[in-house]
Amino acid sequence: MNISSIVIQCLSKNYDQVQQWCEESGICEFHFGDKEKGKIIVTIEGEGVEEEIEKLKTIQAAPGVIAADMMMTYQEDMLDEEVKRLEEEGVVPDWLNDPNTKAEDIVYHGDLKKKVI
């Protein structure tokens, strides 16, 4: 099972029409929107990538939609494979799974701000 989030862009004057289409289509699930900005967040589900792509194309072709882009995706099979790989390789230190480990004892050596900017 795959689950992906889609950001839909439309004109604010078409927002209600697009939101209603999303809610009634049976293709996606509406979660949040901003009428003023013309943005809608939905999720789609599929047995595989092909099914998700077909649903994305249908959303992109819906009346009033300017653009619809996949933002995040969760693929159950890939997650299971990664968990298995991590368990086999033993890359997670034992102390990280120790319920007695205190958060204040964990030393952080990274700085995402410098890596992203």
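From a predicted model like this one, the values you see are computed outputs, not experimental measurements.

Definitions and cut-offs
Position numbers for residues count from 1 along each chain, tracking the sequence in the order it is written. It should be noted that, the model being predicted, local features are given only for residues of pLDDT at least 70 and side-chain atom pairs only at 80 or more, the latter also being counted only at that level, while totals for whole chains, interfaces and linings use all residues. Excluding hydrogens and water, the side-chain figures rest on all heavy atoms present in the structure. Think of it this way: any DSSP run of H or I at least four residues long counts as a helix, any run of E at least two long counts as a strand, and we number them from the N terminus. Note that the radius of gyration is over C-alpha atoms, with the globule rule given as 2.2 Å times the number of residues to the power 0.38. Classification of residues uses two cut-offs on accessible area relative to the type maximum, computed with a 1.4 Å probe and protein chains only: under 20% is buried, over 50% is exposed, and between them is partly exposed. Residue burial considers only the protein chains on display, and all accessible areas are found by Shrake-Rupley using a 1.4 Å probe. In this scheme, patches are assembled from residues that exceed 30% relative accessible area and form no salt bridge. Like charges are connected within 9 Å, while nonpolar side chains (Val, Leu, Ile, Met, Phe, Trp, Tyr) are connected within 5 Å. Any Lys or Arg side-chain nitrogen located within 4 Å of an Asp or Glu carboxyl oxygen qualifies as a salt bridge.

## A word on the overall build of the protein chain
- On a plain count of helices and strands, the protein chain comes out with 4 helices and 4 strands.
- The C-alpha atoms of the protein chain give a radius of gyration of 20 Å, which is well past the 13 Å a tight globule of 117 residues would have.
- The dimensions of the protein chain, computed from C-alpha atoms along their principal axes, are 55 × 30 × 25 Å.
- Out of the 117 residues belonging to the protein chain, those deemed buried represent 22%.
- Here the protein chain has roughly 8800 Å² of accessible surface; of this, 54% comes from carbon and sulfur atoms.

## Quick word on a nonpolar patch on the surface
- On the surface, a nonpolar cluster with roughly 500 Å² of combined accessible area is contributed by L86, V91, V92, W95, L96 and I106.
- Turning to its location among the elements, L86 is positioned in helix 3 (residues 76–89).
- Here L86 falls in the partly exposed class, since its relative accessible area comes to 32%.

## Re the pattern of salt bridges
- Under the criterion given, the structure shown has 2 salt bridges.
- The shortest N-O distance in the salt bridge between D16 and K35 comes to 2.8 Å. Residue D16 is located in helix 1 (residues 15–25), and its partner K35 is located in the loop between strand 2 (29–34) and strand 3 (39–46); the two are separated by 19 residues in the primary sequence.
- When its relative accessible area of 40% is taken as the criterion, K35 is described as partly exposed.
- Across the pair E51 and K55 runs a salt bridge, and its minimum N-O distance is 3.5 Å. Of this pair, E51 and K55 both sit in helix 2 (residues 49–60), 4 residues apart, which is roughly one turn of the helix.

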